[in-house]
Amino acid sequence: MDLSYGPQYDAFREEVRDFIGKHRDQAPKGQGIRSEAVRNWQKLLIQHGYAARTIPAEYGGHGGEPDILKARIIGEEFAAAQVPGGLGSQGISMLVPTLLELGTEEQKRQFIPPTLAGEMVWCQGYSEPNAGSDLASLRTSAVLDGDEWVINGSKIWTSTAHLADWIFCLVRTEPDAPKHQGISFLLFRMDTPGIEIRPLVDMTMAGNFKEVFFTDVRVPKEQIVGSRGEGWYVANAILGHERDTLGDPNAALTRLNRLVELMKTETVDGQRAIDNPAFRDRLIKIQARVTAMRFNDLRVLSSRLNDGSTDTGLARMITKLQATELRHDLEGLGIDVMGEFGLMYGKGPHLRDQGSWQNHYMYFLGLIIGGGTSQIQKNIISERGLGMPREPKAVIPAEH
Amino acid sequence: MEFGLSEEQGLLRESVDRFLDDNADLDRVRKFADDPDDRGDDIWSGLAELGVPAILVPEAYGGIGLSALDAAVVAESLGAHATPAPFLSTAVLAVAALRLAGDEAQRGAYLPRIADGSLRIGAAMSELSGARQDAGVEARADGTLHGTALFVLDPDADIFLVADRTRRFHLVRADADGVEGTLLPQVDRTRRIAEVAFTGASAEALHASDPELALQVIDLGRVIVAADTLGAGQEMLDQAVAYAKQREQFNRVIASFQAVKHLCAEMAAEIEPSRALVWYAAHALDEVPDEARLMACHAKAHLAEVGQFVGKTATIVHGGMGFTDLLGLHYWFKRMGFNRQILGGPERVREEAARVQGLA
């Protein structure tokens, strides 16, 4: 057990702190992803290696060597200073790594530099109304007509669709092939004729999610990543990236500390919530879970650093399930300690912390479901982690 | 950076596992449970050959001088095998008490004999984590002990380590005049506990009387108990998965039903982060003193909850067989139940965790 990062990393941490101290005035303050402030900040971060760190310079990245600990330190320091880090849009976190691995040279040059710079914004077209957990059953079709794909169908849960220039989209191109082998991964512009976007209001009452409808949308045939029918495998590389980012234990720790503050200030009958033994017990229970997840994360990180020399497969697989359930519980305790104030929502009076407890409580319920539901996670854990057999396939059509 | 066990710690775990697989299987555990005269001497002497009682004893006293994390690794193995052995009382609590509160002569007199496995010390210190009415031990100026100690761990030891009401430690021979032990039949038959009445027994007080030292002994004990539950819980999960893979109902192995698989996944999802928590808590005892007590509390209380969940869930996966004595699954269930209560139940320990942080 050796939890020090080592002297060269201590020096690197100092560098990051210096940078943040010097430049924090230039950081965007809530401007949208299309703002100049965001683009300038992103450019500065790439220049210094705090964003797009390991992406080759020829594609607009910083061109640094992969270093998990440096990446971790950057994340920790920006979070601690409450300064926004590099852009984490779906284009950057999901599409760019995929193109680097599977795109053609031309695609890399065309798409990666503007995406990293924040000039080209992407949305993701995966889920459909009838293809959620069973994503591979998706039905949006693309039929080749001369030099163009003709796309018909619809996508759901498409966040930022209204802001996006482009979409990376899974479509069925081989209707007669087995379902996993009939999918292709297409890239196309969101202003192509035949695309309609409708807001999908979620329980937080935000309209960030969208539904996107395609009617005879025509897309040049070379705008495909991988070959025809390989889209499922292209997309799976990306899903792995998404799951890795959902369980940030430092974010949970930040919220836990905020919760302690809330419990020290919120009073009922003149008694602070922290002085109520029942609330205090719930707090410490959650603190133990947050602590355990922090060390679980360190264990996984350490195994990755040491070339996976120790088997932490299960520790990794449980992260999405546990981290999202934990955050939901943590935010829910925040509501409970406020009592009726925990019901306040929207723009009215008596809000605590801008209503973030209520908002996150619902938002994390969404994350329990999104990106592979808790039930799908349990299938993965039991099948891949514990070696238990898959549920036998049965064809039981829904009753109509 | 390396978060995890070293190669040596892996080998330590393997050697203890191998010995217990070969020499302390469930049949051997049942014999201990059924025969009150069986002290498990063969098991303890075999473990002594591997150096288990010597782990925390400094080299200067004939020990190996390893860390709390090494002791936790051994505790995981003992929990996984539901092993009847005086590890917690003798090799952990007594060694820690002697190291922290004993003087040179006391360490020299007892530690070498603990290390070689020839001396067993029972632990009479439940008062430190929960004083009960009509119980408690008072030490008088003449060096005699008076009162009753409840829940004394490993009462068939040669000597008792007794914590008095001022949290000072004393050593007293089990066969001394004025020491009367009564076995307390209890649910976990892999451990023995007793009520011991002291009526003027002559005792030797450990040199240092600082009550803080006793709390440090408890911190270590709590991490070791948590590690025992970690091992026992992992074993119950492994047994549940193995059983589900071979048990057939409705013409399928039950491991193919999501209702069963998800129970197993939930157990794994609780156990994995617990492993990291227990390892860190053990590490903190030696290396991060500022966090040691809080982490010990978290490990003890959290593993109590995880152990309860896994004990119940693994039994359910086994169906009716889990409820029988035939499989013996209940030995682990009860061991984790025992671990939950001793050295402080989870509610009490969480309250201590709050106090450590100035929240209570």
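A. Quick peek at the overall build of chain B. Each helix and strand in chain B was counted, giving twelve helices and ten strands. When its C-alpha atoms are laid out on the principal axes, chain B stretches across 75 × 45 × 40 Å. Every one of the 360 residues in chain B was classed for burial, and the buried ones make up 59%. Look at the contacts in chain B between residues 6 or more apart in sequence, and 74% of them connect residues 24 or more apart. On chain B, roughly 13,700 Å² of surface is accessible, and the fraction owed to carbon and sulfur atoms is 50%. Of the charged side chains in chain B, 34 are positive and 55 negative, and the gap between their average positions amounts to 5 Å.

B. Structural detail: the pattern of salt bridges. As enumerated under the stated definition, the model contains 53 salt bridges over all chains in all. Close ionic contact of Asp41 of chain B with Arg39 of chain B constitutes a salt bridge, the shortest N to O distance being 3.3 Å. Overall, the relative accessible area of 42% leaves Asp41 of chain B in the partly exposed class. Its relative accessible area of 25% is what places Arg39 of chain B among the partly exposed residues. Between Arg275 of chain B and Glu272 of chain B there is a salt bridge, and its shortest N-O distance comes to 3.3 Å. Taken together, the positions of Arg275 of chain B and Glu272 of chain B, both in helix H8 (residues 258-287) and three residues apart, correspond to about one turn of that helix. An identical accessibility class is assigned to Arg275 of chain B and Glu272 of chain B; each is buried. Connected through shared salt-bridge partners, Arg299 of chain A together with Arg13, Asp17, Glu76, Glu272 and Arg275 of chain B make up one network.

C. Here's a closer look at helix H9 (residues 289-317) of chain B. Residues and elements named next belong to chain B. For H9, with 29 residues, the first-to-last C-alpha span of 41 Å sits near the 42 Å given by 1.5 Å per residue. For H9, the principal kink sits at Met295 and spans about 25°. Gly319 occupies a position one or two residues after H9 and carries a positive phi of about 60°.

D. Representation of the layout of surface pockets within the structure. Roughly 560 Å³ of internal volume is contained in the second largest pocket. In terms of lining, the second largest pocket is formed by 24 residues, of which the most central are Arg299 and Asp311 of chain A together with Leu5, Arg275 and Trp279 of chain B. Elements that contribute at least two residues to the lining of the second largest pocket include exactly helix H8 (277-305) and helix H9 (313-317) of chain A together with helix H1 (7-23), helix H7 (211-246) and H8 of chain B. Element by element, the count of residues in the lining of the second largest pocket is highest for H1 of chain B, at four residues. Taken together, the residues that form the lining of the second largest pocket break down as five nonpolar, ten polar and nine charged.

E. Representation of the domain arrangement of chain B within the structure. Residue and element names in this part refer to chain B. When the domains of chain B are assigned, the result is domain 1 (7-115), domain 2 (121-205) and domain 3 (211-356). A C-alpha centroid distance of 28 Å is found between domain 2 and domain 3. Counting residues at the interface gives 15 residues for domain 2, matched by 16 residues for domain 3. Counting the surface lost from both domain 2 and domain 3, the interface buries some 1,400 Å², and carbon and sulfur atoms represent 67% of this. Sorting the residues of domain 2 by area buried against domain 3 places Ser129, Arg167 and Arg191 first, and these three jointly supply 38% of that buried surface. Where domain 2 meets domain 3, there are one salt bridge. A salt bridge links Asp228 to Arg191; the shortest N-O distance between them is 3.5 Å.

F. Structural context of the interface of chain A and chain B. Facing 46 residues of chain A, the contacting portion of chain B comprises 45 residues. With both chains or domains summed, chain A and chain B bury close to 4,100 Å², and 64% of this area falls on carbon and sulfur atoms. Inspection of the region where chain A meets chain B yields six salt bridges. In this structure, the salt-bridge partner of Lys378 of chain A is Glu266 of chain B, at a minimum N-O distance of 2.8 Å. Remark: the boundary between chain A and chain B carries 18 residue pairs in polar contact (both at pLDDT 80 or more). Contributions of two or more residues to the side of chain A that touches chain B are made by helix H7 (249-265), H8, H9, helix H10 (319-338) and helix H12 (374-385) of chain A.

G. Local environment of empty space enclosed by the protein. Residue and element names in this part refer to chain B. The tally for this structure, following the rule as stated, stands at five cavities of 30 Å³ or more. Space inside the largest cavity adds up to approximately 180 Å³. Surrounding the largest cavity, 18 residues form its lining, Ala85, Leu88, Arg191, Asp228 and Arg335 being those nearest its centre. Elements represented by at least two residues in the lining of the largest cavity include exactly helix H4 (68-80), helix H5 (87-101), H7 and helix H11 (330-341). A breakdown of the residues in the lining of the largest cavity according to their chemical character gives ten nonpolar, three polar and five charged.

H. Structural view of unusual backbone geometry. Although it is not a glycine, Ala52 of chain A adopts a positive phi angle of roughly 45°. Relative to the elements of secondary structure, Ala52 of chain A occurs in the loop between helix H2 (36-48) and helix H3 (68-80).

I. Fine view of a nonpolar patch on the surface. Residues and elements named next belong to chain A. A cluster of nonpolar side chains, contributed by Val201, Met205 and Tyr345, occupies part of the molecular surface with about 320 Å² of accessible area. In this fold, Met205 is placed in the loop between strand E6 (195-200) and strand E7 (209-220). Among the residues examined, Met205 registers a relative accessible area of 63% and is labelled exposed.

J. Representation of the confidence of the model for chain B. For chain B, per-residue confidence averages 97 on the pLDDT scale, and residues scoring 70 or more make up 100% of the total. Confidence estimates for the predicted assembly give a pTM of 0.94 and an ipTM of 0.97.

K. Region of interest: the packing of H5 of chain B against H7 of chain B. Residue and element names in this part refer to chain B. At a minimum axis separation of 9 Å, H5 and H7 run at an interaxial angle of 150°. Classified by the interaxial angle, the pair formed by H5 and H7 is roughly antiparallel. Crossing hand, H5 versus H7: right-handed. Here H5 contributes Phe87, Leu88, Val92, Leu93, Ala96, Ala97, Leu100 and Ala101 to the contact with H7, which in turn contributes Leu213, Gln216, Val217, Leu220, Gly221, Ile224 and Val225. Classifying every residue of the contact of H5 with H7 by side-chain character gives 13 nonpolar, two polar and no charged.

L. View of the nonpolar core. The biggest cluster of nonpolar side chains holds 192 residues, and the ones touching the most others in it are Phe78, Phe185 and Leu187 of chain A together with Leu47, Phe87, Met125 and Phe169 of chain B. Per-element accounting of this core gives the leading share, 17 residues, to H7 of chain B. Ignoring any residue separated from it by four or fewer positions in sequence, one finds Phe87 of chain B in contact with Trp44, Val52, Ala71, Val74, Ala75, Leu78, Val92 and Ile224 of chain B. One finds Ala142, Ala161, Ala164 and Phe188 of chain A within the second-largest nonpolar core, a separate group that totals 19 residues.

M. Representation of the packing of aromatic side chains. According to the stated counting rule, one finds 17 aromatic pairs over all chains in the structure shown. Note on Phe19 of chain A and Trp41 of chain A: the rings are 6.2 Å apart at their centroids and 35° apart in plane angle, and the pair reads as tilted. Linking Phe19 of chain A in helix H1 (residues 7-23) with Trp41 of chain A in helix H2, this pair joins segments that are 22 residues apart in sequence. Between the aromatic rings of Trp122 of chain A and Trp166 of chain A, the centroid separation amounts to 5.6 Å while the plane-to-plane angle is 40°, which identifies the pairing as tilted. Of the two residues, Trp122 of chain A sits in strand E1 (residues 122-125) while Trp166 of chain A sits in strand E4 (residues 166-172), which places them 44 residues apart along the sequence. For the pair Trp122 of chain A and Trp166 of chain A, a shared accessibility class is recorded, and that class is buried. Aromatic rings pair up to connect Phe111, Trp122, Tyr126, Trp166, Phe168 and Phe185 of chain A into one cluster. Over the ring of Phe341 of chain A we find Arg352 of chain A, and its NZ or CZ is 4.1 Å from the ring centre. One cation-aromatic arrangement involves Arg192 of chain B over Phe32 of chain B; the distance from NZ or CZ to the ring centre is 3.8 Å.

Calculation notes
- Residues numbered from 1 in each chain as written.
- Chains lettered and ligands numbered in written order.
- Predicted model: local features only at pLDDT ≥ 70, side-chain atom pairs only at ≥ 80, totals over all residues.
- Heavy atoms only, no water.
- Helix = DSSP H or I, 4+ residues; strand = E, 2+ residues; numbered from the N terminus.
- Buried < 20%, exposed > 50% of the residue type's maximum accessible area, 1.4 Å probe, protein only.
- Contact = heavy atoms within 4.5 Å.
- Areas by Shrake-Rupley, 256 points an atom, 1.4 Å probe, with all protein chains shown as cover.
- Lys, Arg positive; Asp, Glu negative; His and termini not counted.
- Charge placed at Lys NZ, Arg CZ, Asp CG, Glu CD.
- Salt bridge = Lys/Arg side-chain N within 4 Å of Asp/Glu carboxyl O.
- Expected span 1.5 Å × (residues − 1).
- Bend = angle between axes of the 7 residues up to and from the residue.
- 1 Å grid on protein atoms, 1.4 Å probe; cavity = no way out; pocket = protein on both sides within 12 Å on 5 of 7 lines; lining within 4 Å.
- Points joined across faces, edges and corners; volume = space filled by probe spheres on them.
- Nonpolar A, V, L, I, M, F, W, Y, C, P; charged D, E, K, R; others polar.
- Domains from an automatic or database assignment.
- Buried area = accessible area lost by both parts, 1.4 Å probe.
- Polar contact = N/O pair within 3.5 Å; in protein donor to acceptor, adjacent residues only side chain to side chain.
- Patch = residues over 30% accessible without salt bridge, like charges linked within 9 Å, V, L, I, M, F, W, Y side chains within 5 Å.
- pLDDT = per-residue confidence, 0-100.
- Axes fitted to C-alpha atoms, helices over the stretch in contact; angles between N-to-C directions.
- Parallel < 35°, antiparallel > 145°, perpendicular 65-115°, else oblique.
- Left-handed = near helix turned anticlockwise from the far one by under 90°.
- Core = buried A, V, L, I, M, F, W, Y, C linked by side-chain atoms within 4.5 Å.
- Phe/Tyr/Trp six-rings, centres within 6.5 Å; stacked < 30°, edge-to-face > 60°.
- Lys NZ or Arg CZ within 6 Å of the ring centre and 35° of its normal.

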